[in-house]
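What follows is the residue order along each chain.
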Amino acid sequence: MSGAAIPAAARLVGRRLLAAVPVLAAVTFGVFALAAASPFDPVQQYAGAAGLGASQETLDQLRANLALDGPFPQRWWEWLTSAVRGDLGVGSPSRRPSANGSAGRSCCAPRASASP
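Residues numbered from 1 in each chain as written. Predicted model: local features only at pLDDT ≥ 70, side-chain atom pairs only at ≥ 80, totals over all residues. Heavy atoms only, no water.

> If you had to explain the overall build of the protein chain to someone new, which residues and values would you point to?
In terms of helices and strands, the protein chain carries four helices and zero strands. Reading the helices (α) and strands (β) of the protein chain from amino to carboxyl end gives α-α-α-α. Counting every position in the protein chain, which comprises 116 residues, the buried fraction comes to 11%. Of the roughly 9100 Å² that the protein chain leaves accessible, carbon and sulfur atoms contribute 65%. (Helix = DSSP H or I, 4+ residues; strand = E, 2+ residues; numbered from the N terminus. Buried < 20%, exposed > 50% of the residue type's maximum accessible area, 1.4 Å probe, protein only. Areas by Shrake-Rupley, 256 points an atom, 1.4 Å probe, with all protein chains shown as cover.)

This is the structure:
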């Protein structure tokens, strides 16, 4: 392999990575826009059956705890800057950080069961 081929390949990879940044930003913005336009309330979904009888004050407090009380461009920007830092939020079933939620778990490993 010649010495000139390596820098050319590195430039190509660099250009492709730089081109991927605005595409990923646009895709995540689009997903946030679709979620904001959805008729479903994520707080009601998160609260489940308990949320059906909850007061508006309780739902507003949960909305604030989940950082869903701001406008969607602000929520998207906060999520994006956190994701760049490696903070992908907390998974709702496990309540553990999403970035390491599947660490140490194999896709094919059997799970321990509480039933006999």
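Read on, since the account is not over.
> Give a detailed account of the side chain of Arg75, specifying residues and quantitative values.
Of note, Arg75 is situated in helix 4 (residues 72–84). Buried charge Arg75 goes without a salt bridge, the closest partner of opposite sign being Asp69 at 7.3 Å. Residues within four places of Arg75 in sequence aside, it is in contact with Phe32, Ala36, Ala67, Leu68 and Gly70. (Lys, Arg positive; Asp, Glu negative; His and termini not counted. Salt bridge = Lys/Arg side-chain N within 4 Å of Asp/Glu carboxyl O. Contact = heavy atoms within 4.5 Å.)

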